[in-house]
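# Coordinate analysis (summary)
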Amino acid sequence: MAEEQAGVDRISAFLRGNLDDIVARLSTGVAIPSVSADPERAGDLARSARWIAGELREVGLTTTLLPAGDSVTVFAETEAVPGAPTVLVYSHHDVRAAKPEEWAETAPFTPVRRDNRLYGRGASDAKGQVLAHVWALRALAAVDGAPGLTVKLLIDGEEEIGSPHLLRLLDDDPERFACDLVVFSDTIQWRADAPAPVTSMRGTVTATLTVHGPARDVHSGAASGVTLNPALALARVLAGMHDAAGRIAVPGLLDRVAPTSPQRAAELAALPFDEADWLERTETRAVVGEPGHTVPERLWTRPAIEVISLLAGDPDGLERSVIPREATASLSVRTVPGQRIPEVVEHLRAYVAAAMTDGASYTFEADEDIAQEPYSSPDDAVLDALERALALGYGLPVRGRMGNAGGGPAEWLSGRLGAPVYFLGTGLPEDHWHASDESIDLDMLVRGAATIAHLWRELRPPR
């Protein structure tokens, strides 16, 4: 027991002793604008892939760069350990676009360390999470000599655009990615002082609704009051997707949502939740949503429909005082167990047809090819090991079990690889993913790396 505790202390001590080096290396990666949605950033995506491949080679992994559309996915693996489990780690190195004018702490791709945080696009989502795995392997090499199991890493270069080439990569070479379990590292923790395993991930599908009005923009005075305004028609359809209390009102969409089980409700209730704390950390100003369910339940066990962009008229530049010829909304729909993406899309399609203003023409398109179904981890010995690893990595007791409110290719990975998926991330709700001034808490980065190291210790065969 004393020897085991010494190993625990040495892992944390090693990581904290190398924090300056960790930050310097992460800063190098954050400075690369690997925006997968921008075709002009293909060269930067390749540089980002080479950066992380170099980090992985330095800790002894064999690395391969796999072309994926305009991006590059990184695959790496340790030397195989006979008789030990094989773990595949999934994360990503591409990032979202940034609006520099909205950043106050630093420019998006100019990393800055301040107040125990590293600021910059991708610092938390998800280059920091990738580097946590690199340094977990470094810590085990320093303390134990080797991880004691086979570790493979699949670092996606297209996650932020829905991973359109991931399934083809998995299908083209299944032996390369064969594993006993998957650790999915693109998630957050509930609070820095309350480690809790993520045990579920909502599904996701995006859709675009465009309402067409006059054949061209029309002077608002010349035709006002008799011309179909597509912005108003679109607003009515969007507003009707929820009732006055905040409950989804699209007919049929909630019919197959599985009720929150007593066990799941107890797991969520064990998380320390304070509404004022939540509002301060997320800067969301108000709690809304489906009545009769707690905030954690609304986040992780109930579906959601969000409008993520609206476009009509003259949003930029000088206003022309016209009735716009069209109005467009982009929707992000999050699904939960019991729902299936094709059925959800059909419910939305039928609702739009019924709710649309008479005389309006429109197009409704859903990105079903990159839609991802929800996933829940099995409640088994690996999940127990993950909880023990979290307690060791954070030096704090685990409090409850949480979910991931966003989506990701967990169900794809599990289905294609025939392996269960478990979630282990290093982010926090206050890290500003996809928004301005993204950053990572450096204590969380160290604790996350320590947790990963302890998880590999928990999963390897006894020595």
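The structure contained in this document is the topic of the report that follows.

Parameters and conventions
Residues numbered from 1 in each chain as written. Predicted model: local features only at pLDDT ≥ 70, side-chain atom pairs only at ≥ 80, totals over all residues. Heavy atoms only, no water. Salt bridge = Lys/Arg side-chain N within 4 Å of Asp/Glu carboxyl O. Helix = DSSP H or I, 4+ residues; strand = E, 2+ residues; numbered from the N terminus. Buried < 20%, exposed > 50% of the residue type's maximum accessible area, 1.4 Å probe, protein only. Pairing = 2+ DSSP bridges. Axes fitted to C-alpha atoms, helices over the stretch in contact; angles between N-to-C directions. Contact = heavy atoms within 4.5 Å. Core = buried A, V, L, I, M, F, W, Y, C linked by side-chain atoms within 4.5 Å.

### Thoughts on the pattern of salt bridges
Applying the stated criterion across every chain yields a total of 33 salt bridges. With a shortest N-O distance of 2.9 Å, Arg113 and Asp20 are connected by a salt bridge. Taken together, the residues Arg113 in strand β4 (residues 112-114) and Asp20 in helix α2 (residues 19-30) connect sequence positions 93 residues apart. When its relative accessible area of 42% is taken as the criterion, Arg113 is described as partly exposed. With a relative accessible area of 55%, Asp20 lands in the exposed category.

### Let's talk about the sheet that holds strand β9 (residues 203-212)
The four strands lie next to each other as β11-β13-β9-β14, forming an open sheet whose pairing is antiparallel. The two strands at the open ends of the sheet, each matched to only one other strand, are β11 (304-312) and β14 (361-366). Averaged over all pairs of adjacent strands, the angle between strand axes in this sheet comes to 15 degrees, irrespective of strand direction. Those strands touched by helix α7 (residues 230-239) are β9, β11 and β13 (326-335), and its axis lies near 15 degrees from that of β13. Docked against the sheet, helix α11 (residues 341-355) engages β9, β11, β13 and β14, running at close to 170 degrees with respect to β14.

### Structural notes on the nonpolar core
Residues Leu15, Leu455, Trp456 and Leu459 are the most contacted members of the largest nonpolar core, which totals 61 residues. Counting residues per element, this core draws most heavily on helix α14 (residues 442-459), at eleven residues. In this structure, Leu455 is in contact with Val183, Ala385, Leu386, Ala389 and Leu424, ignoring residues within four places of it in sequence. Leu88, Phe184, Ala196 and Tyr375 belong to the second largest nonpolar core, which has 35 residues in total.

### A short note on the environment of Pro82
Within the fold, Pro82 resides in the loop between β2 (71-77) and β3 (86-92). Of the residues examined, Pro82 reaches a relative accessible area of 79% and is grouped as exposed. Once the C-alpha coordinates of Pro82 and Val211 are considered, the two residues, 129 residues apart in sequence, prove to be 59 Å apart.

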